[in-house]
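Chain by chain, the residues run as shown.
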Amino acid sequence: MPAFGSQMTSLVIPLLAIQTLGAGPQQMAVLQAASTAPYLLFGLFAGHWLSGRSLRHVMIALDLIRSLVVFSVAAAIFFGIKSINFLAVTAAGAATFSLISDTAYYSFVPTLVRRGEMLRANSRLETGRQTASISGAAMAGFVLQTFGPPLALCIDSATYLLSAVSLSHMPADEMAPDQERVRLEHTFAQGISYVLRDRLLVSLPILGGAWNFFWNAYTTLYFLFLSRVLMLSTTYISLVIAAQSCGLVAGAWVAPRLARRVKIGWCIGYGSLLSGGASLIAGLLSPGPFIFPLVSIYACFSAVASSQSGIAQLSIRQSAVPQSVLTSVNTTVRFVFWGMLPLGALAGGAVASHTDLRHGVVFASTGLVLAAAFGLVSPVGRLKDLPQDT
């Protein structure tokens, strides 16, 4: 539901910063770091705050709040309030609410789906989300150039309202596990201690943290690279992102089918390796008559590989961890996963500022390949089937 509008916003904000405000690598790093910093600053608090609360009601409330935040950004831009600092502050606020909502979501899904169906359920959810993202990305360039950023942001605001309405009609109303309001340090300790008891669960945040560090370094420079190195217009950039979303849909469709035929650990390890390799090749491209189809193909292929890998990792965590501690474990793992994002953004901006955009992109994509190599030799890479909690 919000995926359609959110994809438009994820294109509008960086393109506004690049094309209207003249942002460079350092400014884009600040913007990207601000939009991901809440995962590092507040990530461990989310699970504790959710303890004993209605997950569905929390998600509804946060959809309404995010709708208001995005609408306020649209209004500010309409009245001429545009600066990197303003965009960074509002991005940080929206990301904070998304952090809590996402933590609730990942604990909510297992209450609706049997453990053995987790991979298929995650695949279908991701397929639906990315299908909406394709439309959002395809429309973003047209809306941005024809009507300007405020309308695109208003569309995103409306999709959050639709999401809240849809959630309000769901019959399930599960409470987060651990309904007794325990102390914050107990929630931390519970999630960390459960993860540290299992080599597989330890490997997941290491792999995911390293991947997200380099992926956000890559993402921070991606729009700059497309616009200023490959010389693509706003319309072509939006179509590249649409092609990437197509790859994410294909990856979500492939995930459960591939996992039935090969080891799920290979899906993760080799999927990440192929995604990082495609990103590295894209970073070596130069402007030319065929640059748009080439970069679209590499973006799509990279997304196919990374999408099925990510779904497999999420399904492992949801299958291996008992529901009674899933919120705590999700909070701990996501703190490592997503806490690396702002650090990666700053690293990518620093490398590109001291060298150039191409070297920054190559640095980030090389890191992705190395992270994938770790996944192949770790306990994750040796896993044959989805584990079952004991």
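Overview of the structure. On a predicted model such as this, the values are computed, not experimentally measured, just so you know.

Here we look at the overall build of the chain
Move 1: Broken down by element type, the chain carries 13 helices and 0 strands.
Move 2: Across the chain, helices and strands are ordered from the amino to the carboxyl terminus as α-α-α-α-α-α-α-α-α-α-α-α-α.
Move 3: Evaluated residue by residue, the chain yields a buried proportion of 56% over its 390 residues.
Move 4: Restricting to contacts in the chain with at least 6 residues of sequence separation, those with at least 24 account for 90%.
Move 5: Surface accessibility of the chain: about 16,000 Å² in total, with carbon and sulfur atoms responsible for 68%.

A short note on unusual backbone geometry
Move 1: In the Ramachandran plot, Met-231 falls in the positive-phi region, its phi being about 60° despite a non-glycine side chain.
Move 2: Secondary-structure assignment places Met-231 in the loop between helix 8 (199–229) and helix 9 (234–259).
Move 3: Residue classification places Met-231 among the exposed residues on the basis of a relative accessible area of 58%.

Overview of the environment of Arg-261
Move 1: With respect to the helices, strands and loops of the structure, Arg-261 is situated in the loop between helix 9 and helix 10 (264–283).
Move 2: A distance of 3.0 Å separates a polar side-chain atom of Arg-261 from the backbone oxygen of Arg-257.

A closer look at the nonpolar core
Note that soluble globular proteins tend to have their nonpolar side chains buried in a common cluster.
Move 1: Membership of the largest hydrophobic core comes to 47 residues, with the highest contact counts inside it found for Leu-226, Leu-230 and Leu-232.
Move 2: Among the elements that make up this core, the one with the highest residue count is helix 8 (9 residues).
Move 3: With near-sequence residues (within four places) excluded, Leu-232 lies in contact with Leu-226, Ser-227, Ile-237, Val-240, Ile-291, Phe-292 and Val-295.
Move 4: Core analysis: the next-biggest nonpolar cluster, separate from the first, contains 19 residues, Leu-207, Ile-268, Val-329 and Phe-337 among them.

Description of the packing of aromatic side chains
Move 1: Scanning all chains against the criterion turns up 9 aromatic pairs.
Move 2: Centroid distance Trp-215 to Tyr-218: 5.5 Å. Interplanar angle 20°. Geometry classified as stacked. One end of the pair, Trp-215, and the other, Tyr-218, are both in helix 8, 3 residues apart, so they sit about a helical turn from each other.
Move 3: Ring centres of Tyr-236 and Phe-292 lie 4.6 Å apart, and the angle between their planes is 40°; this geometry places the pair in the tilted category. Highlighted residues: Tyr-236 in helix 9 and Phe-292 in helix 11 (residues 291–320), separated in sequence by 56 residues.
Move 4: For Tyr-236, a relative accessible area of 40% corresponds to the partly exposed category.
Move 5: Its relative accessible area of 23% is what places Phe-292 among the partly exposed residues.
Move 6: Ring pairing ties together the aromatic residues Trp-211, Trp-215, Tyr-218, Tyr-222 and Phe-223, which thus form one cluster.

Thoughts on the side chain of Ser-306
Move 1: By the element assignment, Ser-306 lies in helix 11.
Move 2: Engagement of the side chain of Ser-306 in a polar contact is seen with the backbone oxygen of Ala-303, the distance being 3.3 Å.
Move 3: Among residues more than four places away in sequence, those in contact with Ser-306 are Trp-211, Leu-248, Gly-271 and Ser-275.

Quick word on a nonpolar patch on the surface
Move 1: A cluster of nonpolar side chains, Leu-40, Leu-41, Phe-42, Phe-45 and Leu-343, forms an exposed patch at the surface whose accessible area comes to about 440 Å².
Move 2: Counting residues per element, the nonpolar patch draws most heavily on helix 2 (residues 25–50), at 4 residues.
Move 3: You can see Leu-343 is positioned in helix 12 (residues 323–354).
Move 4: Accessibility expressed as a relative area gives 39% for Leu-343, which makes it partly exposed.

Concerning the side chain of Ser-101
Move 1: Along the chain, Ser-101 falls in helix 4 (residues 84–108).
Move 2: Relative accessible area serves as the criterion here: at 6%, Ser-101 is assigned to the buried category.
Move 3: Look past the residues within four positions of Ser-101 in its chain and what remains in contact with it is Met-59, Leu-62 and Arg-66.

Regarding the packing of helix 8 against helix 13 (residues 357–377)
Move 1: Relative orientation of the contacting elements helix 8 and helix 13 amounts to 155°, with a least axis distance of 8 Å. It follows that helix 8 is roughly antiparallel to helix 13 by the angle criterion. Here helix 8 and helix 13 pass one another in a crossing that is left-handed.
Move 2: A per-class count over the contact of helix 8 with helix 13 returns 20 nonpolar, 5 polar and 2 charged.

Looking at helix 8
Move 1: The end-to-end C-alpha distance of helix 8, which contains 31 residues, comes to 42 Å, matching closely the 45 Å that a straight helix rising 1.5 Å per residue would cover.
Move 2: The largest bend along helix 8 reaches roughly 40° and is located at Leu-221.
Move 3: By the criterion of burial, helix 8 is predominantly enclosed, with 24 of the 31 residues buried.
Move 4: Phi turns positive one or two residues past the end of helix 8, at Met-231, with a value near 60°.

Thresholds applied
- Residues numbered from 1 in each chain as written.
- Predicted model: local features only at pLDDT ≥ 70, side-chain atom pairs only at ≥ 80, totals over all residues.
- Heavy atoms only, no water.
- Helix = DSSP H or I, 4+ residues; strand = E, 2+ residues; numbered from the N terminus.
- Buried < 20%, exposed > 50% of the residue type's maximum accessible area, 1.4 Å probe, protein only.
- Contact = heavy atoms within 4.5 Å.
- Areas by Shrake-Rupley, 256 points an atom, 1.4 Å probe, with all protein chains shown as cover.
- Polar contact = N/O pair within 3.5 Å; in protein donor to acceptor, adjacent residues only side chain to side chain.
- Core = buried A, V, L, I, M, F, W, Y, C linked by side-chain atoms within 4.5 Å.
- Phe/Tyr/Trp six-rings, centres within 6.5 Å; stacked < 30°, edge-to-face > 60°.
- Patch = residues over 30% accessible without salt bridge, like charges linked within 9 Å, V, L, I, M, F, W, Y side chains within 5 Å.
- Salt bridge = Lys/Arg side-chain N within 4 Å of Asp/Glu carboxyl O.
- Axes fitted to C-alpha atoms, helices over the stretch in contact; angles between N-to-C directions.
- Parallel < 35°, antiparallel > 145°, perpendicular 65-115°, else oblique.
- Left-handed = near helix turned anticlockwise from the far one by under 90°.
- Nonpolar A, V, L, I, M, F, W, Y, C, P; charged D, E, K, R; others polar.
- Expected span 1.5 Å × (residues − 1).
- Bend = angle between axes of the 7 residues up to and from the residue.

Note that all results are geometric; they support no functional claim without further evidence.
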